[in-house]
Structures are given as C-alpha cells and as structure tokens.
Amino acid sequence: MKIGRLPAEAPIIRTAVPAWMRIRDVAMTFGAWLLIGYFLREGLYLAYDYFRTPIFELTTATAPDWGEMWGRLRGFVLLAATLVAWITFWALDSRARLQATHSPQPLPLLDSTHAASMGLHETQLAGWRLAKVQTVDINLARRVTMRQEGRIGNGGAG
C-alpha cells in the first residue's frame, strides 16, 4: 500500500513569551532602524529636499560631491568585487570537484521496508503519515511509540 505524502509545511509555534523579551525585541528593532537612519541621514535629506516643493529641485541641500563619495567607497567596492570573484571561483571549482565524485542516489525506501525497520505494519505507518499532530517516542525496547491526536499507538503491539 503506497499513500502519497502530504506537502511539508512550516510548523506554527505558539508559546508564551515573557513581556521583557517582547520589549527587548521591539527596543532592539527600533534601535537598529534608528542606526540605519543615522547612517543614511544625508541621502534621506537629499531625497526629502528633492521631492518637496518646488519638486525635483534641491532648494536647501547641496548636490553631493561624487568624487569624494567614490573616494570613500572605492575600498569597499574593491573589497566586495574581490570577494564576489573569490566566491565565484570557489563555487565553480567546487562544482567541478563535486560532479567528478558524484555518486548515484539510492533507490527509494519502500513503505514495507520502512515499516518493518520500525517494527510496524504498513497500514500503521500509512495512518501515522496522515495524522496532523504526532509525538514520537522510542521506548526501552527500542520500539517506536507514537501518540497522534489524543490516541496512543504502540509500534510493536499490532
């Protein structure tokens, strides 16, 4: 018996988080946005001045000195370009090496073999795959014990 698997979804985790953690997270997020705004203050002011009336004109801000900006950013741009070239070379080299040592995928695991390895019947395994909530335990006899939606199923009892 082969039953198709349900599509995988990310679990929804609902836990109580202490109030101090929420306050900490909000404060750190707000602080990070303030820091970003501080570093972008000149560009933000230029955009503000450019888009206020009279629109598309700089009235109080002066146009940036592009030569000075390039002087400040040149080292960063060269470092970034070097890192991109290095990562690209490393990826191409690794790809060729990994393809040279490629081993074929094993055959798919049959449901009957999978169930037998856990000491289950194939229909039990198929039923467990359809359960929305599953808690899996391994007892002292190394047998699978699974609770699903309030019911308890024993992996070897049949």
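Scoring rules and cut-offs
- Residues numbered from 1 in each chain as written.
- Predicted model: local features only at pLDDT ≥ 70, side-chain atom pairs only at ≥ 80, totals over all residues.
- Heavy atoms only, no water.
- Salt bridge = Lys/Arg side-chain N within 4 Å of Asp/Glu carboxyl O.
- Buried < 20%, exposed > 50% of the residue type's maximum accessible area, 1.4 Å probe, protein only.
- Helix = DSSP H or I, 4+ residues; strand = E, 2+ residues; numbered from the N terminus.
- Patch = residues over 30% accessible without salt bridge, like charges linked within 9 Å, V, L, I, M, F, W, Y side chains within 5 Å.
- Areas by Shrake-Rupley, 256 points an atom, 1.4 Å probe, with all protein chains shown as cover.
- Phe/Tyr/Trp six-rings, centres within 6.5 Å; stacked < 30°, edge-to-face > 60°.
- Lys NZ or Arg CZ within 6 Å of the ring centre and 35° of its normal.

Trainee: What am I meant to see in the pattern of salt bridges here?
Mentor: Pairing is possible between side chains that carry opposite charge, provided their charged atoms lie close to one another. A complete count under the given rule lists four salt bridges for this structure. Note that Asp25 and Arg24 form a salt bridge whose closest N and O atoms lie 3.0 Å from each other. On the basis of relative accessibility, which here comes to 37%, the residue Arg24 falls in the partly exposed class. Asp111 is the salt-bridge partner of Arg129, the closest N and O atoms lying 2.9 Å from each other. Taken together, the residues Arg129 in helix 5 (residues 122–130) and Asp111 in helix 4 (residues 111–117) connect sequence positions 18 residues apart. Across the pair, Asp111 and Arg129 agree in class, each one buried.

Trainee: Please explain a nonpolar patch on the surface as it appears in this structure.
Mentor: Side chains of Trp33, Leu35, Ile36, Tyr38, Phe39, Leu40 and Leu44 sit close together on the surface and give an oily, nonpolar patch of about 810 Å² of accessible area. Here the nonpolar patch takes five residues from helix 1 (residues 19–39), the largest share from any one element. Structurally, Leu35 is set in helix 1. What makes Leu35 partly exposed here is its relative accessible area of 48%.

Trainee: Hey, could you run me through the packing of aromatic side chains in this one?
Mentor: Each aromatic ring pair is characterised by the separation of its centres together with the angle its planes make. Going through the model one piece at a time under the given rule, you end up with five aromatic pairs. Note on Phe51 and Phe56: the rings are 6.1 Å apart at their centroids and 75° apart in plane angle, and the pair reads as edge-to-face. Grouped by ring-pair contacts, the aromatic residues Tyr50, Phe51 and Phe56 constitute a single cluster. Above the ring of Tyr38, the side-chain terminus of Arg41 is found at 4.2 Å from the ring centroid.

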